[in-house]
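Chain by chain, the residues run as shown.
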Amino acid sequence: MNIVVIGGHGLIGSRVVERLRDAGHQVTAASRRTGVDTLTGAGLAETLAGAEVVLDASNAPSFDAPAVGDFFQRSTANLLAACAQAGVGHFIALSVVGTPYLQGSDYFRAKAVQEQLVLHARLPATLVRATQCFEFMAQLIPPGAEREPVRLPVALVQPLAADDLGEALGHLATGPLPGGVVEIGGPERHRLFELVEWVMYFHQDDRPVIGDRDARYYGAALKELTLTPGAQAIIGTTRFADWLARHTAGQLPHVNQPDPLR
């Protein structure tokens, strides 16, 4: 199959590209570094020519309002228009589990706009809501002075490894058209504050962590199950303890994520 991955050089996109190429598919990793700018539309027509499937794994370069909202609205609209013009048979957009319930956050309000555009697209489209990846947990560690308590939400989370997400997206891109909304999550549920505390420990950050029901997540209030997928979700296989053990020899990877404290 001829598949284009928008954001194909990022944490998730690069994994999708690798798995699809290993499976023998013709894959184009598209991003600003290859001359493709979804915000302006530059390079889209040329890149999408002949594509059967387009997967959007891109993220906003700025997470501040109004820039983040402008990015997701304009880039998604440009992508959908270019896909329709190119005759793309399946468009897949990556979003986040819980997005409709996190509207106290500038970032998730912007993601909700993206989701609505995809769900009302005039071409076959699938919206994929995934839980946060283990690789993002380090971004939830707030700055602060030594021994200053860290307050984090107590809500349940069900994160997954980026490798598992990349594999699942690859299967969706090459399998039967599911359409609608597909959820992807990890194999275990954890309390958010306890999970981040483990990551802090491996960063040699021994500040006390306090589970706080009023603590915000990217500016939004959390209910118990906001960040967990439904019963029909695709479930990854990598457990958190196994993933963490593989990464403690070096630094956890840097990912481009919004500031969770804002």
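Scroll up to find the structure this text is about.
This structure is a prediction, so every number in the text was calculated from the model and none was measured.

Draft legend 1. Spotlight on empty space enclosed by the protein. Under the counting rule described, the total for this entry stands at 1 cavity of 30 Å³ or more. In this model, the largest cavity occupies a volume close to 90 Å³. Val96, Val97, Thr131, Gln132, Met137, Leu140, Val157, Gln158, Pro159, Leu192, Tyr217 and Leu227 are the residues that line the largest cavity. Partitioned by chemical class, the residues of the lining of the largest cavity number 9 nonpolar, 3 polar and no charged.

Draft legend 2. Here's a closer look at the sheet that holds strand E1 (residues 2-6). With respect to topology, 7 strands assemble into an open sheet ordered E2-E1-E3-E4-E5-E8-E11, the strand pairing being parallel. Each edge of the sheet is formed by a strand with only one pairing partner; in this case those strands are strand E2 (26-30) and strand E11 (234-235). Packed on one face of the sheet, helix H3 (residues 67-86) meets E1, strand E3 (53-56) and strand E4 (90-96) and runs near 165 degrees to E4. Sitting on the sheet, helix H4 (residues 106-119) touches E3, E4, strand E5 (125-130) and strand E8 (180-185), and the angle it makes with E4 is about 155 degrees.

Draft legend 3. Layout of the layout of surface pockets. Approximately 820 Å³ is the volume found for the largest pocket. Lining the largest pocket are 37 residues, and of these Gly10, Ala57, Ser58, Asn59 and Ala60 lie nearest its centre. Looking at the lining of the largest pocket, the elements that each hand over two or more residues are E4 and H4. Considering only residue class, the lining of the largest pocket consists of 20 nonpolar, 13 polar and 4 charged.

Draft legend 4. Broad picture of the pairing of E8. Sheet topology note: the E5/E8 ladder contains 5 bridges and is parallel. Within E8, the residue paired with Arg129 across the bridge is Glu183.

Draft legend 5. Region of the structure containing the pattern of salt bridges. Per the stated rule, a full pass over the model turns up 11 salt bridges. Of the charged contacts, one joins Arg19 and Glu18 as a salt bridge, the two residues approaching to 3.9 Å between their closest N and O atoms. Residue classification places Arg19 among the partly exposed positions, given a relative accessible area of 26%. Notably, a salt bridge pairs Arg151 with Asp212, separated by 3.9 Å at the nearest N-O pair. A residue pair is termed long-range when its members are at least 10 positions apart, and Arg151 in strand E6 (residues 150-152) and Asp212 in the loop between strand E10 (209-211) and E11 qualify at 61 residues. What you see here is one network of salt bridges that share partners, running through Arg15, Glu18, Arg19 and Asp163.

Draft legend 6. Seen up close, the nonpolar core. Grouped together as the largest cluster of nonpolar side chains are 36 residues, with contacts concentrated most on Val196 and Tyr217. Counting only elements with at least two residues in this core, the list comes to H3, H4, E6, helix H6 (192-202) and helix H7 (240-247). Per element, the largest residue contribution to this core is 6 residues, and it comes from H6. Dropping the residues within four chain positions of it, Val196 is found in contact with Met137, Leu140, Ile141 and Leu152.

Draft legend 7. Up close: helix H5 (residues 162-174). Taking 1.5 Å as the rise per residue, H5 with 13 residues should run 18 Å; its terminal C-alpha atoms sit 19 Å apart, in good agreement. Looking at H5, one finds that the buried residues are Ala162, Asp164, Leu165, Gly166, Ala168, Leu169, Gly170, Leu172 and Ala173.

Draft legend 8. Up close: unusual backbone geometry. Cis geometry is adopted by the peptide bond preceding Pro66, which originates at Ala65 and carries an omega value of 5 degrees. Along the chain, Pro66 turns up in the loop between E3 and H3. Unusually for a residue other than glycine, Gln204 sits at a positive phi of about 60 degrees. When you line up the elements, Gln204 lands in the loop between H6 and E10. Overall, the relative accessible area of 76% leaves Gln204 in the exposed class. Positive phi is not limited to glycine here, since Tyr218 has a value of about 50 degrees. Here Tyr218 is to be found in the loop between E10 and E11.

Draft legend 9. Looking closely at a nonpolar patch on the surface. Nonpolar side chains collect at one region of the surface, where Trp198, Tyr201 and Phe202 lie side by side and expose about 380 Å² of accessible area between them. Topologically, Tyr201 is positioned in helix H6. Of the residues examined, Tyr201 reaches a relative accessible area of 56% and is grouped as exposed.

Draft legend 10. Fine view of the pairing of E4. By the criterion of burial, E4 is predominantly enclosed, with 7 of the 7 residues buried. Residues His90, Ile92, Leu94 and Val96 line one face of E4 and the alternating positions Phe91, Ala93 and Ser95 line the opposite face, and both faces are buried. As paired elements, E3 and E4 share 4 bridges and run parallel to each other. Bridge assignment links Val54 to a residue of E4, and that residue is Phe91. Remark: the E3/H3/E4 crossover connection has right-handed handedness. The parallel pair E4 and E5, bridged by H4, forms a crossover whose chirality is right-handed.

Conventions adopted
Residues numbered from 1 in each chain as written. Predicted model: local features only at pLDDT ≥ 70, side-chain atom pairs only at ≥ 80, totals over all residues. Heavy atoms only, no water. 1 Å grid on protein atoms, 1.4 Å probe; cavity = no way out; pocket = protein on both sides within 12 Å on 5 of 7 lines; lining within 4 Å. Points joined across faces, edges and corners; volume = space filled by probe spheres on them. Nonpolar A, V, L, I, M, F, W, Y, C, P; charged D, E, K, R; others polar. Pairing = 2+ DSSP bridges. Helix = DSSP H or I, 4+ residues; strand = E, 2+ residues; numbered from the N terminus. Contact = heavy atoms within 4.5 Å. Axes fitted to C-alpha atoms, helices over the stretch in contact; angles between N-to-C directions. Salt bridge = Lys/Arg side-chain N within 4 Å of Asp/Glu carboxyl O. Buried < 20%, exposed > 50% of the residue type's maximum accessible area, 1.4 Å probe, protein only. Core = buried A, V, L, I, M, F, W, Y, C linked by side-chain atoms within 4.5 Å. Expected span 1.5 Å × (residues − 1). Patch = residues over 30% accessible without salt bridge, like charges linked within 9 Å, V, L, I, M, F, W, Y side chains within 5 Å. Areas by Shrake-Rupley, 256 points an atom, 1.4 Å probe, with all protein chains shown as cover. Right-handed = clockwise from strand over helix to strand, strands pointing away.

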